[in-house]
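Below are the chains, spelled out letter by letter.
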Amino acid sequence: MKTSTGLLLILTSIVTVAPPAAAQAPTPVVERVETHFGRTTRVSLFSNQVVVVAVRSESEDFVHRATLSFDEYMFYLQALERAAGEIGNEPVTSDVEARGSSTKLTLHVGPRAPRVLTYSPLASLKMAAARIDSIVDDLENRALSALPGEYEIERWDPVIGECVKLRQGGEACVKAVQDDGTVVLVQEESSVSMIVARENRAEVILEIIEPEP
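Here the structure is a predicted model, which means the values were calculated and not measured. (Residues numbered from 1 in each chain as written. Predicted model: local features only at pLDDT ≥ 70, side-chain atom pairs only at ≥ 80, totals over all residues. Heavy atoms only, no water.)

### Points about the pattern of salt bridges
Taken as a whole and assessed by the stated rule, the structure comprises eight salt bridges. Note that Arg32 and Glu34 form a salt bridge whose closest N and O atoms lie 3.7 Å from each other. Between Glu86 and Arg131 there is a salt bridge whose closest N-O contact spans 2.7 Å. Of this pair, Glu86 sits in the loop between helix H2 (70–85) and strand E5 (92–94) while Arg131 sits in helix H3 (residues 127–144), and the two are 45 residues apart along the sequence. (Salt bridge = Lys/Arg side-chain N within 4 Å of Asp/Glu carboxyl O. Helix = DSSP H or I, 4+ residues; strand = E, 2+ residues; numbered from the N terminus.)

As structure tokens, then:
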């Protein structure tokens, strides 16, 4: 049986105009939300290796972020997967009510993912659940200890002529950008050049100065 030329043209057009697959958005790995008398602390680890800590209350509203190295991320991911596989049917052994306080832990890894555990800060947890809670504590501390602006600086794509504020004080502008991400900065007041490796940017740079419109 012969296929008509018109049909071949239609099929070719369909294949040609098919849109490319969209980039996959980061997905949560684990998330814990703690509420204590109106103050909410949310700790999240995402598949793009980013830890986010958001704190909300009547007097607070801030977000801390930190990017884990690939090795760090895999360490936490494997630890979470192991603990999730051992968590059992009743991970909370004794849930003593704490007035005004609660914890909600959502696991997006493991055999029963997504799995949601809700308990009070006074609850007794079995070993696997306690390990997960401890891992989230560690992730929270990791994000809170990150230098201010570190997340944004790590993702900065420097362009020659851009200027930054330095942690030591003063300002500097980008003179050159090397292939490995190393930036050559020239301090405005002294004209002294600084060579800053990609992994050391957040230790040297305080803030990226937005250009004036």
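Having put the structure on the table, let's press on.
### So, the sheet that holds strand E7 (residues 115–119)
Read from one edge to the other, the open sheet built from six strands follows the order E4-E3-E2-E1-E6-E7, with strand pairing classed as antiparallel. Strand pairing shows two members of the sheet lacking a second neighbour, strand E4 (61–67) and E7, which therefore form its edges. In this sheet, adjacent strand axes meet at a mean angle of 10 degrees when their direction is disregarded. Of the pairings in the sheet, the one linking strand E2 (residues 39–46) to strand E3 (residues 50–56) comprises six bridges and is antiparallel in character. (Pairing = 2+ DSSP bridges. Axes fitted to C-alpha atoms, helices over the stretch in contact; angles between N-to-C directions.)

### Some words on the side chain of Gln187
Relative to the helices and strands, Gln187 is located in strand E11 (residues 183–187). On the basis of relative accessibility, which here comes to 17%, the residue Gln187 falls in the buried class. Beyond its immediate stretch of four places on either side in the chain, Gln187 contacts Leu166, Gln168, Glu171, Ala172, Val192 and Met194. (Buried < 20%, exposed > 50% of the residue type's maximum accessible area, 1.4 Å probe, protein only. Contact = heavy atoms within 4.5 Å.)

### Topic: a negative patch on the surface
A surface patch of negative charge is lined by Asp179, Asp180, Glu199 and Glu203. Structurally, the position occupied by Glu203 is in helix H5 (residues 201–204). (Patch = residues over 30% accessible without salt bridge, like charges linked within 9 Å, V, L, I, M, F, W, Y side chains within 5 Å. Areas by Shrake-Rupley, 256 points an atom, 1.4 Å probe, with all protein chains shown as cover. Lys, Arg positive; Asp, Glu negative; His and termini not counted. Charge placed at Lys NZ, Arg CZ, Asp CG, Glu CD.)

### Here we look at the packing of H2 against H3
The contact between H2 and H3 brings their axes to 8 Å, and the two run at 160 degrees. Comparing their axes, H3 and H2 come out roughly antiparallel. The chirality of how H2 crosses H3 is left-handed. Where H2 approaches H3, its residues Glu72, Tyr76, Ala79, Leu80, Arg82, Ala83 and Ala84 are matched on the opposing element by Ala128, Arg131, Ile132, Ile135, Asp138, Leu139 and Arg142. Within the contact of H2 with H3, the residues separate by chemical class into nine nonpolar, no polar and five charged. (Parallel < 35°, antiparallel > 145°, perpendicular 65-115°, else oblique. Left-handed = near helix turned anticlockwise from the far one by under 90°. Nonpolar A, V, L, I, M, F, W, Y, C, P; charged D, E, K, R; others polar.)

### Details of unusual backbone geometry
Excluding glycine, residues mostly carry a negative phi; peptide bonds, for their part, are mostly trans. A cis geometry characterises the amide bond from Ala113 onward to Pro114, with omega recorded as -5 degrees. Its location among the elements puts Pro114 in the loop between strand E6 (101–107) and E7. A positive phi angle, close to 75 degrees, is found at Gln49, a residue other than glycine. Positionally, Gln49 belongs in the loop between E2 and E3.

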